[in-house]
Amino acid sequence: TNLSTDRKKPEIIAIANQKGGVGKTTTTINLGTALAAARKNVLIVDLDPQGNASTGVGRERDNRDITSYDVMMEEATLSDAIEKTDIPRLFLVSSTIDLTGAELELVDQAQRTFRLRNAFKDPAVEQFDYILIDCPPSLNLLTLNALSAADSVIVPLQCEFFALEGLSLLLRTIETVQANFNPKLKIEGIVLTMYDGRNNLSGQVAQDVRSYLGDKVFKTVIPRNVRISEAPSHGKPALLYDHKCTGSQAYIRLATELLRREKNFRAA
Ligand code: ADP
Ligand code: MG
């Protein structure tokens, strides 16, 4: 029998938005933790030189040895870079500020857009059900690598005034990636973050996004919740810092929604 046809494939999801501070890292960490709690094997790839996803799952900044930088520069394999976290079934490829250099160093390399996709040919990916890539706040080469390597993209969107403008730029970039690098890339969904029910603008933006993008928008909305913003300084996902808070509960619902979508998709 041909074993290669039996290979399990993870769902690779890029968490992307060129705007900073919209909840990419928070979504990566907490969606990852919620999926791991649902007994999925999850790998978080920190592709932001700020390294906040790494810190947020408890990886201290000192002695991050083999990181996403080494993977991008082909100085290490993905297997070499994968680390355990203290959270069962949650694994990490960490990042450091070195990753800023990768962007520059790759500029005149052939295949520069496919470094991450090539790294995912590593057999180590087969142990995972989900790989979540935390993207930097820019449509740079790192983000292009994530979109070229991914099956789908989740876009965290903060419900504020210019949200839709930024979104159309991102959607155009996704179309460019589909046309040039990765025809199978799909939009998994837009997730509305830091939603403030007392703020009329929040509600208006949410309504506009839903009428523009319909069922591409997750039903689950992530509320603005102070416990979520406290969690990173404790080196823990909000889900472990306070699993009962409204923010954590929302991320559990988001994971449930994602799992249900996948199930329906596979059944269809
Ligand atoms: P990005 O990765 O897009 O730059 P982050 O996930 O780092 O965004 O979030 C930006 C800031 O907002 C962080 O300080 C984070 O703790 C905080 N934050 C994210 N989501 C929420 C939320 N739902 N409620 C309150 N604060 C949040
Ligand atoms: Mg971030």
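Bear in mind the structure is a predicted one, so any value in this text is a computation, not a measurement.

Calculation notes
- Residues numbered from 1 in each chain as written.
- Chains lettered and ligands numbered in written order.
- Predicted model: local features only at pLDDT ≥ 70, side-chain atom pairs only at ≥ 80, totals over all residues.
- UniProt positions renumbered as here; feature names shortened; annotations may be inferred.
- Helix = DSSP H or I, 4+ residues; strand = E, 2+ residues; numbered from the N terminus.
- Near = placed C-beta within 6 Å.
- Nonpolar A, V, L, I, M, F, W, Y, C, P; charged D, E, K, R; others polar.
- Pairing = 2+ DSSP bridges.
- Contact = placed C-beta atoms within 7 Å.
- Axes fitted to C-alpha atoms, helices over the stretch in contact; angles between N-to-C directions.
- Expected span 1.5 Å × (residues − 1).
- Buried ≥ 20, exposed ≤ 12 C-beta atoms within 10 Å, placed from the backbone.
- Right-handed = clockwise from strand over helix to strand, strands pointing away.
- pLDDT = per-residue confidence, 0-100.

Details of the UniProt feature "domain: AAA" (unreviewed entry) in the protein
In the UniProt entry, the feature "domain: AAA" (unreviewed entry) is given for residues 11–187. From the first C-alpha to the last, residues 11–187 spans 13 Å; its make-up is 38% helix and 17% strand.

Comments concerning the site of ligand 1
Taken together, 18 residues surround ligand 1, and among them K24, T25, T26, I228 and S229 come closest. Put simply, the parts of the chain that give the shell around ligand 1 at least two residues each are α1 (24–37) and α10 (226–230). The leading source of residues in the shell around ligand 1 is α1, at three residues. Looking at the shell around ligand 1, its residues break down into six nonpolar, 10 polar and two charged.

Let's talk about the sheet that holds strand β5 (residues 130–134)
Strand order across the open sheet formed by seven strands is β3-β4-β2-β5-β1-β6-β7, with mixed pairing between neighbours. Edge strands, defined here as strands with exactly one partner in the open sheet, are β3 (83–84) and β7 (186–193). The pairing of strand β1 (residues 11–15) with strand β6 (residues 152–158) spans three bridges and is classified as parallel. In the strand pairing of β6, I15 is matched with I154. Sheet strands in contact with helix α8 (residues 163–180) are β6 and β7, and its direction is about 165 degrees off that of β6.

Considering helix α9 (residues 200–213)
Its 14 residues place the ends of α9 20 Å apart at the C-alpha level, agreeing with the 20 Å of an ideal helix rising 1.5 Å per residue. Directly beyond the C-terminal end of α9, a positive phi value near 55 degrees is found at G214.

Considering the pairing of strand β2 (residues 42–46)
With five of five residues buried, β2 is to be regarded as a mostly interior element. By the bridge criterion, four bridges tie β2 to strand β4 (residues 90–93) in an arrangement that is parallel. Across the sheet, the residue bridging to V45 is V93, located in β4. As judged from the five bridges shared by β2 and β5, these two strands associate in the parallel manner. What sits directly across from I44, in β5, is L132.

With respect to the pairing of β6
Of all seven residues in β6, six are buried, a share of seventy percent or more. Relative to β7, β6 runs parallel, the two being bridged by seven bridges. Across the sheet, residue V153 finds its bridge partner in β7, namely I187. Of the crossover connections in this fold, the one passing from β6 over α8 to the parallel β7 is right-handed.

Describing the confidence of the model for the protein
Of the residues in the protein, 97% reach a pLDDT of 70 or more, and the chain-wide mean stands at 93. If you check the scores for this complex, the pTM reads 0.96 and the ipTM reads 0.99.

Some points on the environment of N140
Secondary-structure assignment places N140 in the loop between β5 and α7 (141–149). Placed 122 residues apart in sequence, N140 and Q18 show a C-alpha to C-alpha distance of 8.6 Å.

Here's the deal with the environment of L170
Among the secondary structure elements, L170 is positioned in helix α8. On the basis of neighbour counts, which here come to 22 C-beta atoms within 10 Å, the residue L170 falls in the buried class. Placed 151 residues apart in sequence, L170 and K19 show a C-alpha to C-alpha distance of 9.6 Å. Apart from the residues within four sequence positions on either side, L170 is in contact with A16, N17, Q18 and V155.

Structural notes on α1
Here α1 contains 14 residues, and its C-alpha end-to-end distance of 20 Å stays within 8% of the 20 Å for a straight helix at 1.5 Å per residue. Of all 14 residues in α1, 14 are buried; the element is thus mostly enclosed. Of the residues one or two after α1, R39 is the one with positive phi, at around 70 degrees.

Quick notes on unusual backbone geometry
For N63, which is not a glycine, the phi torsion comes out positive at approximately 40 degrees. Looking at where N63 falls in the secondary structure, it is placed in the loop between α2 (52–56) and α3 (68–72). Among the residues examined, N63 registers 6 C-beta atoms within 10 Å and is labelled exposed. Even without glycine at this site, Q111 takes up a positive phi of about 65 degrees. With respect to the secondary-structure elements, Q111 resides in the loop between α5 (99–106) and α6 (115–119).

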